[in-house]
Amino acid sequence: VQLVESGGGLVQPGGSLRLSCAASGTIYRLYAMGWYRQAPGKQRELVAGITNTGTTNYADSVNGRFTISRDNAKNTLYLQMNSLKPEDTAVYYCNEVLGVPGGPVNYWGQGTQVTVSS
């Protein structure tokens, strides 16, 4: 199983980006998923999470600006980021608990850089 992220890049303050995280391989079931980020010199933090039933939660710093969603048919997780701020600059990682042969396993994406700067 592999998670492949895409959608990062350079954007001006106030702009938008959409991150995607596609899972491939033998997957029986999708459990909870989330997006994390890590800025230079800081610990990795949870940005947004979504359960297998669609319940979402957000960090206070992104609530109202970011939206997490999932397409179970495509095994893909998304993060729509609007009204981006310089403090959103970080490497963003997707995290998914997937049902695979042998039982549920926690997987991480490779990370995608998001830079918010004028």
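Rules behind the numbers
- Residues numbered from 1 in each chain as written.
- Predicted model: local features only at pLDDT ≥ 70, side-chain atom pairs only at ≥ 80, totals over all residues.
- Heavy atoms only, no water.
- Helix = DSSP H or I, 4+ residues; strand = E, 2+ residues; numbered from the N terminus.
- Rg over C-alpha atoms; globule rule 2.2 N^0.38 Å.
- Phe/Tyr/Trp six-rings, centres within 6.5 Å; stacked < 30°, edge-to-face > 60°.
- Buried < 20%, exposed > 50% of the residue type's maximum accessible area, 1.4 Å probe, protein only.
- Lys NZ or Arg CZ within 6 Å of the ring centre and 35° of its normal.
- Core = buried A, V, L, I, M, F, W, Y, C linked by side-chain atoms within 4.5 Å.
- Polar contact = N/O pair within 3.5 Å; in protein donor to acceptor, adjacent residues only side chain to side chain.
- Contact = heavy atoms within 4.5 Å.
- Salt bridge = Lys/Arg side-chain N within 4 Å of Asp/Glu carboxyl O.

(A) The arrangement of the overall build of the protein chain in detail. Scanning the protein chain from terminus to terminus reveals zero helices and 11 strands. Starting at the N terminus, the α and β elements of the protein chain follow one another as β-β-β-β-β-β-β-β-β-β-β. Against the compact-globule benchmark of 13 Å for 118 residues, the protein chain has a radius of gyration of 14 Å, which places it among compact chains. Projected onto its principal axes, the C-alpha positions of the protein chain cover 45 × 25 × 25 Å.

(B) Here's a closer look at the packing of aromatic side chains. Under the definition given, this model contains two aromatic pairs. The interplanar angle of 85° and the centroid separation of 6.5 Å between the aromatic rings of Tyr-93 and Trp-108 together place this pair among those described as edge-to-face. Residue Tyr-93 is located in strand β9 (residues 90-100), and its partner Trp-108 is located in strand β10 (residues 103-108); the two are separated by 15 residues in the primary sequence. For Tyr-93, a relative accessible area of 15% corresponds to the buried category. Taken together, Tyr-36, Tyr-93 and Trp-108 form an aromatic cluster joined through their ring pairs. One residue, Arg-44, lies across the ring of Tyr-93, its end atom 3.8 Å from the ring centre.

(C) Quick peek at the nonpolar core. Trp-35, Leu-79, Met-81 and Tyr-92 are the most contacted members of the largest nonpolar core, which has 30 residues in total. Listing elements by their share of this core, those giving two or more residues are β3 (17-24), β4 (29-38), β5 (45-50), β7 (66-71), β8 (76-81), β9 and β11 (112-116). Looking at which element gives the most residues to this core, the answer is β9, with five residues.

(D) Region of interest: the environment of Gly-103. With respect to the helices, strands and loops of the structure, Gly-103 is situated in strand β10. By relative accessible area, Gly-103 is classed as partly exposed at 22%. The spatial distance from the C-alpha of Gly-103 to the C-alpha of Arg-29 is 9.8 Å, given a sequence separation of 74 residues.

(E) Quick look at the side chain of Arg-65. Its location among the elements puts Arg-65 in the loop between β6 (56-58) and β7. Judged by its relative accessible area of 11%, Arg-65 falls in the buried class. At 2.8 Å, the side chain of Arg-65 forms a polar contact with the backbone oxygen of Ser-61.

(F) Molecular detail of the side chain of Thr-76. Looking at where Thr-76 falls in the secondary structure, it is placed in strand β8. Looking at Thr-76, the relative accessible area reads 9%, which means it is buried. Polar contacts involving the side chain of Thr-76 include one to the main-chain carbonyl oxygen of Lys-74, which spans 2.9 Å. Beyond its immediate chain neighbours, meaning those up to four positions away, Thr-76 contacts Ser-20, Cys-21, Ala-22, Ser-69, Arg-70 and Asp-71.

(G) A look at the pattern of salt bridges. All chains considered together, the criterion is met by three salt bridges. Across the pair Arg-37 and Glu-45 runs a salt bridge whose closest N-O atoms are separated by 2.7 Å. Close ionic contact of Arg-37 with Asp-88 constitutes a salt bridge, the shortest N to O distance being 3.0 Å. Of this pair, Arg-37 sits in strand β4 while Asp-88 sits in the loop between β8 and β9; the two residues are 51 residues apart in sequence, bridging distant segments of the chain. With relative accessibility at 6%, the residue Arg-37 sits in the buried group. Residue classification places Asp-88 among the buried residues on the basis of a relative accessible area of 1%. Residues joined by salt bridges that share partners form a network here, namely Arg-37, Glu-45, Arg-65 and Asp-88.

Don't take any of this as a statement about function, it's just geometry.
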